[in-house]
Amino acid sequence: MADVNTAEGAPKGPEARAAERTATMLRHAKLVCQSGEYLCRIRDISALGVGLTFHHQVPPEPRILLQLANTLTYPIERVWLGKRQAGYRFGCEVSASEFVSEQGGVEPRALRLNISAPARINANGIVSEARLLDISCGGAKIASDHTHTANRQVGLQLAGLPTQIGTIGWLGSGTFGLRFERALSSKELANCALYLQPYGQPRPSGFSDLANAASDTNKAAA
């Protein structure tokens, strides 16, 4: 995945164009693995592959899925490994310019990790059992059998994090959205995800469904 140099003004062949890198991105994305979903940062990108950095050790699985904030998903395979960083080869044809601009899919939103884990909600001293469904730096989606009220401030007790104070922003059927009073740092979110989803412990993560969907999308684009 090294850069390819050509003489100034000379036409560039497809291999040279494919090997060219864009500028450093430093954009967050997530990896979907057999053991769960993890936060990463895209360091650089070419049509051949992508360099990623992490706040913790690199996921051990060599073949995983990279998903952007707009839900575009790419199968990738690790080709080199460093300390909290790794390089991956794309498993499909990728337009580096579209990847950088995140065209296609849906409009980007806050990057959420789909993590199912036990939780507790503290509302004015009344603690009820709940379940985390997804989490971002700014908030979380919670499932609960307890009756809650919109715009109410509660505390979220979740393993891997100190108690997070937040406001209930919306209510659904047995679910609600919690907006954190203090946004998590990307490091806090990454380490919480790893704490709740230890490597080597496969769990339902949507990996197979996403892999099949990414494969169908790539075939349609071919």
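Everything numeric here is computed off the predicted structure, so don't read it as measured data.

Enquirer: Can you tell me about the overall build of the protein chain, naming the residues and giving the values?
Expert: Counting its regular elements, the protein chain contains four helices and twelve strands. With 222 residues in all, the protein chain has 41% of them scored as buried. Look at the contacts in the protein chain between residues 6 or more apart in sequence, and 56% of them connect residues 24 or more apart. Here the protein chain displays about 11700 Å² of accessible surface, and carbon together with sulfur accounts for 50% of that area.

Enquirer: An account of the side chain of S186 is requested, with residue identities and associated values reported.
Expert: Looking at where S186 falls in the secondary structure, it is placed in helix α3 (residues 186–196). Classification of S186 by relative accessible area gives buried; the value is 17%. Separated by 3.1 Å, the side chains of S186 and H55 make a polar contact. Not counting residues up to four positions away in its chain, the partners in contact with S186 are H28, L39, H55 and C137.

Enquirer: Lay out the pairing of strand β1 (residues 27–33) with the relevant residues and their values.
Expert: Of all seven residues making up β1, five are buried, and the element is well covered by its neighbours. Hairpin connection from β1 to strand β2 (residues 36–45): two residues lie between these consecutive antiparallel strands. With three bridges connecting them, β1 and strand β4 (residues 63–67) associate as antiparallel partners. Within β4, the position partnered with K30 by the bridge is Q67.

Enquirer: An account of unusual backbone geometry is needed here, citing residue identities and associated values.
Expert: The phi torsion of most residues other than glycine is negative, and most of the peptide bonds are trans. We note that T71 has phi near 80°; this positive angle belongs to a residue other than glycine. When you line up the elements, T71 lands in the loop between β4 and β5 (73–82). Exposure remark for T71: the relative accessible area of 42% places this residue in the partly exposed category. With phi around 55°, N124 is a residue other than glycine that occupies positive phi space. Its place among the elements puts N124 in the loop between β7 (117–123) and β8 (126–135).

Enquirer: Just give me the short version of the sheet that holds strand β9 (residues 139–143), but keep the residues and values in it.
Expert: Reading around the circumference, β7-β8-β9-β12-β11-β10 is the order of the six strands in this closed barrel, with antiparallel pairing throughout. Adjacent strand axes in the sheet meet at a mean angle of 45°, parallel and antiparallel pairs treated alike. Note: β8 against β9, four bridges, orientation antiparallel. Considered in β9, the bridge of L132 is made with I142.

Enquirer: Run through the confidence of the model for the protein chain, naming residues and quoting values.
Expert: Across the protein chain, pLDDT averages 84, with 77% of residues at or above 70. This model gives residues 1–19 a pLDDT under 50, and the stretch forms 19 contacts once residues within four places in sequence are excluded.

Enquirer: I'd love a proper account of the environment of G82, names of residues and values included.
Expert: Relative to the helices and strands, G82 is located in strand β5. A C-alpha to C-alpha distance of 8.3 Å links G82 and V58, two positions 24 residues apart in sequence.

Enquirer: Which residues make up the packing of aromatic side chains, and what values do they have?
Expert: Counting across every chain of the model gives four aromatic pairs. Note on Y38 and Y199: the rings are 5.1 Å apart at their centroids and 65° apart in plane angle, and the pair reads as edge-to-face. Of this pair, Y38 sits in strand β2 while Y199 sits in the loop between α3 and α4 (207–221), and the two are 161 residues apart along the sequence. An identical accessibility class is assigned to Y38 and Y199; each is buried. For the pair Y74 and F99, a centre-to-centre distance of 5.1 Å together with 45° between the ring planes defines the contact as tilted. Taken together, the positions of Y74 in strand β5 and F99 in helix α2 (residues 96–101) put the pair 25 residues apart, joining distant regions of the chain. Look at Y74 and you get buried, because its relative accessible area is 11%.

Parameters at a glance
- The numbers attached to residues start from 1 for each chain and follow its sequence in the written order.
- Local features in this predicted model are restricted to residues whose pLDDT is 70 or higher, and side-chain atom pairs enter the listing and the counts only when it is 80 or higher, whereas totals over whole chains, interfaces and linings include all residues.
- As a rule here, side-chain values cover all heavy atoms of the structure and leave hydrogens and water aside.
- Numbering of helices and strands starts at the N terminus; helices are DSSP runs of H or I of at least 4 residues and strands are runs of E of at least 2.
- Relative accessibility under 20% of the residue-type maximum defines a buried residue, over 50% an exposed one, and the middle range a partly exposed one, all with a 1.4 Å probe and only protein chains included.
- Between two residues, a contact is recorded if the distance between any of their heavy atoms is within 4.5 Å.
- The accessible surface values rely on the Shrake-Rupley method and a 1.4 Å probe; as for residues, cover is taken only from the protein chains in view.
- The definition of a polar contact used here is a pair of N or O atoms within 3.5 Å, where within protein one atom must be able to donate a hydrogen and the other to accept one, and adjacent residues in sequence count solely through side-chain atom pairs.
- When DSSP finds two or more bridges between a pair of strands, those strands are recorded as paired.
- Lines fitted to the C-alpha atoms define the axes, with helices restricted to the stretch that makes contact. Angles between their N-to-C directions range from 0 to 180 degrees.
- For every residue, the predictor states its confidence as a pLDDT score lying anywhere from 0 to 100.
- Within 6.5 Å between ring centres, the rings of Phe, Tyr and Trp (the latter by its six-membered ring) count as paired, and their orientation is classed by plane angle as stacked under 30 degrees, edge-to-face over 60, tilted in between.

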